[in-house]
Amino acid sequence: MSKESKFHNLIEQQENKHKQEVWDMIKSEVEENASVTTDTVQVSKNTLAINSKKIYIPIVSVLAVLAVVLILIFTLKPNSPVDDIRYCSKTEYTTNDTKQTLKEYSLETNKDLLYFDWYDETEFCKDEIFQLNSTNEIICFKESIVDIETGCKIDISVTDNRTVIDFLEDFENSCLLTHTFNDIEIKWGGNKFKSKATFEYESNIYYMTLSDPFEENYIITLIEQLLDR
């Protein structure tokens, strides 16, 4: 027999005037027992919730720190030199003859460019400029001049060190030898018919072609003359 049944029989034995009072008391006791059980379950759930939070909080904190670190890395990371290089194809620029010499262009733009100052003695000198179609910016100055001592034709093309132009790309494959002069690395290569060389000086890149050199490395001698200022 259950506890509630026993109480019910007891109530039946009481006088009528006390039955409802006793029954209300019993109901109150039963409800209190149920409330205690519910509270116990709720406390257990809260305990589990707290424990779960204790587990999740450190994980979230670590992920937040990692996110901040990654943002700082990509925000403060300096730009790669490759990102600054611009490539110009023949559809993007126009070639025009100019009466201005490389020396005059250097003085006008204050770029301190290298040139052979043979203008009064040479038999031949021709100059060209390469301009972007979109802005008319001069991206390359090319001078062809004849060596006053040997009669060899020299082509010098000058660009800044962030511009690559399609017609100069073959220098990378042609200039496989290296030579250093005044701490400047010169890449060069060639044969008895043609020699090529390229080097960087004062943030400008020079591309030199020498036709019919009497010596394969004569182009190095000429570049040393340019750099020995």
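This structure is a prediction, so every number in the text was calculated from the model and none was measured. (Residues numbered from 1 in each chain as written. Predicted model: local features only at pLDDT ≥ 70, side-chain atom pairs only at ≥ 80, totals over all residues. Heavy atoms only, no water.)

1. Considering the side chain of Thr-122
Item 1. As for its placement among the helices and strands, Thr-122 is situated in the loop between helix H4 (102–109) and strand E3 (125–132).
Item 2. Residue Thr-122 is classed as buried on the basis of its relative accessible area of 14%.
Item 3. There is a polar contact of 3.1 Å between the side chain of Thr-122 and the backbone oxygen of Phe-124.
Item 4. Polar contacts involving the side chain of Thr-122 include one to the main-chain carbonyl oxygen of Val-146, which spans 2.9 Å. (Helix = DSSP H or I, 4+ residues; strand = E, 2+ residues; numbered from the N terminus. Buried < 20%, exposed > 50% of the residue type's maximum accessible area, 1.4 Å probe, protein only. Polar contact = N/O pair within 3.5 Å; in protein donor to acceptor, adjacent residues only side chain to side chain.)

2. What to know about the nonpolar core
Item 1. By size, the foremost hydrophobic cluster in this structure holds 31 residues, and its most contacted members are Ile-154, Phe-199, Met-208 and Leu-227.
Item 2. Per-element accounting of this core gives the leading share, seven residues, to helix H6 (residues 218–227).
Item 3. If we ignore the near neighbours within four places in the chain, the residues touching Met-208 are Phe-116, Ile-154, Asp-155, Ile-156, Phe-171, Ser-195, Lys-196, Ala-197, Ile-219, Leu-222, Ile-223 and Leu-226.
Item 4. With twelve residues, the next largest nonpolar core counts Cys-88, Ile-139, Cys-140 and Phe-171 among its residues. (Core = buried A, V, L, I, M, F, W, Y, C linked by side-chain atoms within 4.5 Å. Contact = heavy atoms within 4.5 Å.)

3. What to know about the sheet that holds strand E10 (residues 204–211)
Item 1. Ordered by their spatial adjacency, eight strands build an open sheet running E2-E3-E4-E5-E10-E9-E8-E7, and the pairing between neighbours is antiparallel. Of all the strands in the sheet, just strand E2 (93–98) and strand E7 (177–181) have a single pairing partner and so form its edges. Averaged over neighbouring strand pairs, the angle between their axes works out to 20° when direction is ignored.
Item 2. Running over the sheet, H4 touches E3, strand E4 (138–146) and strand E5 (153–160) and is turned about 145° from E4. (Pairing = 2+ DSSP bridges. Axes fitted to C-alpha atoms, helices over the stretch in contact; angles between N-to-C directions.)

4. Here we look at H4
Item 1. If you check which residues of H4 are buried, you get Leu-102, Tyr-105 and Ser-106. For H4, the angular spread of the buried residues around the axis is 100°, confining them to a single face. Opposite the buried face of H4, by more than 90 degrees, sit the exposed residues Leu-107 and Glu-108.
Item 2. As for H4, its buried residues are in contact with E3, E4 and E5.
Item 3. Asn-110, located one to two residues past H4, shows a positive phi value of around 55°. (Arc of directions from axis to C-beta.)

5. Section: the environment of Asp-160
Item 1. Structurally, Asp-160 can be placed in strand E5.
Item 2. A sequence separation of 44 residues divides Asp-160 from Asn-204, and the C-alpha atoms of the two residues are 4.3 Å apart.
Item 3. Engagement of the side chain of Asp-160 in a polar contact is seen with the backbone nitrogen of Arg-162, the distance being 3.0 Å.

6. Regarding unusual backbone geometry
Item 1. A positive phi is found at Ser-203, a non-glycine position, where the angle reads about 65°.
Item 2. Tracing the chain through its elements places Ser-203 in the loop between strand E9 (194–201) and E10.
Item 3. Owing to a relative accessible area of 45%, Ser-203 belongs among the partly exposed residues under this scheme.
Item 4. Unlike most non-glycine residues, Asp-212 shows phi in positive territory, near 50°.
Item 5. Turning to its location among the elements, Asp-212 is positioned in the loop between E10 and H6.

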